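# Coordinate inspection notes
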Amino acid sequence: MKLKKSNFIKDLNNSLIFEKNPSIAIAVSGGPDSMALLFLIFEWAKSTFADLTILIVNHKLRINIIFEINKIIKLLKIYNHKIKILNVHNSNIKKKSMKEARDNRYELLTNYCKKNNILYLFIGHHQDDNLETFLIRKISGSDFDGLYGIKEKSLRDNTLLIRPLLKYKKKDIYNYNIRNNIDFIEDPSNKDFKYTRPVIRQILNQMESKFVKLIIADHKKIVNNFNNYSNMVNKILFDIAVVTKQNLIIVNYNKFINLDQILAEIIVKKIYFFFYKNDFVRLKKVQIFLNSLKNQNFRMFNLKRIIISKNNNSLCFSRK
């Protein structure tokens with residue numbers, strides 16, 4: 001799909017209703033995706049009189065990151081908007097993994113938005129990112145929720161994350177930058193094969209188009225059937241739930257123990273997500289809990305900040 005300013009602005013206005021003079025932020029890495037998004041949002045902001053803040057995250061994972069940030073700032077001078085650099089605290093850099101970097105990035109971005117009363121945060125994910133995410137999660141054995149991939153709109157810490165480029169391919173964004181003389185820099189980690197995503201990206205780039213189309217079709221089936229899946233899970237949870245409070249969910253033990261193993265796993269993960277929306281619990285840990293629940297002497301289990309206890313025919317999930 002060809003990326004055009006007119007189509008982008010029309011789609012954005014149709015997908016969300018913004019208040020007058022909205023306060024918005026955009027995460028900019030200097031790459032082709034975020035720079036194209038910034039240019040498009042800048043054009044959109046002219047008609048909406050939006051108050052735009054540009055956010056740059058210093059993840060401190062590369063020696064030359066300050067040099068890269070200075071290059072980004074030079075590229076941004078033409079936009080005449082407030083620029084804020086968010087620095088990851090050294091204590092939050094332990095594993096130096098992509099997941100850790102992503103978690104640190106989102107925490108900094110959403111915390112800044114909350115403190116500055118910014119509801120909307122724009123992020124430059126595109127269609128190729130979503131396909132890579134789908135394939136990574138499928139290989140790792142993710143469930144239906146995970147296989148959905150990246151959502152166009154999601155809420156995190158009272159901040160609405162908006163990804164309006166998800167329908168466009170990477171090459172469409174590159175072409176848009178070329179047509180509009182938009183400068184950008186390349187992130188060297190995109191070619192660092194010690195990370196999973198660059199490896200998956202290379203595999204997809206080298207794969208025959210007919211096989212890529214099959215993967216795209218597979219992902220589309222998940223997306224198209226996601227509402228039916230969600231309704232089914234919610235109906236099951238509604239049927240077995242006895243008490244639902246902010247920090248406590250009690251389910252009928254007999255109904256829960258008779259669920260199919262996969263459904264039981266999904267229900268536990270959904271309860272966990274209810275308590276901790278910005279975190280997840282590993283499937284292996286859930287399976288350990290379900291196996292221990294089969295023991296007649298089961299009384300209590302600690303599931304990553306959730307205490308699960310059995311009392312007669314009640315199974316209580318309480319947030320720590």
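Here, every reference points to the structure presented above.
In short, a report on the structure. (Residues numbered from 1 in each chain as written. Predicted model: local features only at pLDDT ≥ 70, side-chain atom pairs only at ≥ 80, totals over all residues. Heavy atoms only, no water.)

Our focus in this paragraph is helix H2 (residues 32-48). With 17 residues, H2 extends 24 Å from end C-alpha to end C-alpha; this agrees with the ideal 24 Å at 1.5 Å per step. Among the 17 residues in H2, 15 count as buried, and that is most of the element. At the C-terminal side of H2, Phe49 shows a positive phi close to 55 degrees. (Helix = DSSP H or I, 4+ residues; strand = E, 2+ residues; numbered from the N terminus. Expected span 1.5 Å × (residues − 1). Buried < 20%, exposed > 50% of the residue type's maximum accessible area, 1.4 Å probe, protein only.)

Turning to the pairing of strand E2 (residues 51-58), a few remarks are in order. With respect to burial, E2 is a largely interior element, 7 of its 8 residues being buried. Pairing of strand E1 (residues 23-27) with E2 involves 5 bridges; the strand directions are parallel. Bridging from a neighbouring strand, Ile24 pairs with Leu52 of E2. Since E1 and E2 lie parallel, the crossover through H2 that links them has a hand, and here it is right-handed. Pairing geometry for E2 and strand E3 (residues 82-87), over 6 bridges, is parallel. From the neighbouring strand, Asn58 faces E3, where its bridge partner is Asn87. Following the backbone out of E2, through helix H3 (residues 65-76) and into the adjacent parallel E3, one traces a crossover that is right-handed. (Pairing = 2+ DSSP bridges. Right-handed = clockwise from strand over helix to strand, strands pointing away.)

The strand order across the open sheet built from 5 strands is E7-E8-E11-E10-E9, with neighbouring strands paired in antiparallel fashion. Two strands bound the open sheet, and with one partner strand each, they are strand E7 (241-244) and strand E9 (300-302). With direction set aside, neighbouring strand axes in the sheet form an average angle of 15 degrees. Bridge analysis of strand E10 (residues 306-311) against strand E11 (residues 314-319) gives 6 bridges, and the strand direction is antiparallel. Bridge assignment links Lys310 to a residue of E11, and that residue is Leu315. (Axes fitted to C-alpha atoms, helices over the stretch in contact; angles between N-to-C directions.)

With that out of the way, let us pick up the pattern of salt bridges. All told, the structure shown has 14 salt bridges when counted by the stated rule. Salt-bridge contacts for Glu43 lead to Lys46; the nearest nitrogen and oxygen are separated by 3.2 Å. Of the two residues, Glu43 and Lys46 both sit in helix H2, 3 residues apart, roughly one turn of that helix. Residue classification places Glu43 among the buried residues on the basis of a relative accessible area of 16%. A salt bridge links Glu208 to Lys210; the nearest nitrogen and oxygen atoms lie 4.0 Å apart. Look at the salt bridges and you will find they share partners, linking Lys5, Glu43 and Lys46 into a network. (Salt bridge = Lys/Arg side-chain N within 4 Å of Asp/Glu carboxyl O.)

With that settled, consider a nonpolar patch on the surface. A cluster of nonpolar side chains, Phe193, Val199 and Ile203, forms an exposed patch at the surface whose accessible area comes to about 240 Å². Its place among the elements puts Phe193 in the loop between helix H7 (170-179) and helix H8 (196-206). (Patch = residues over 30% accessible without salt bridge, like charges linked within 9 Å, V, L, I, M, F, W, Y side chains within 5 Å. Areas by Shrake-Rupley, 256 points an atom, 1.4 Å probe, with all protein chains shown as cover.)

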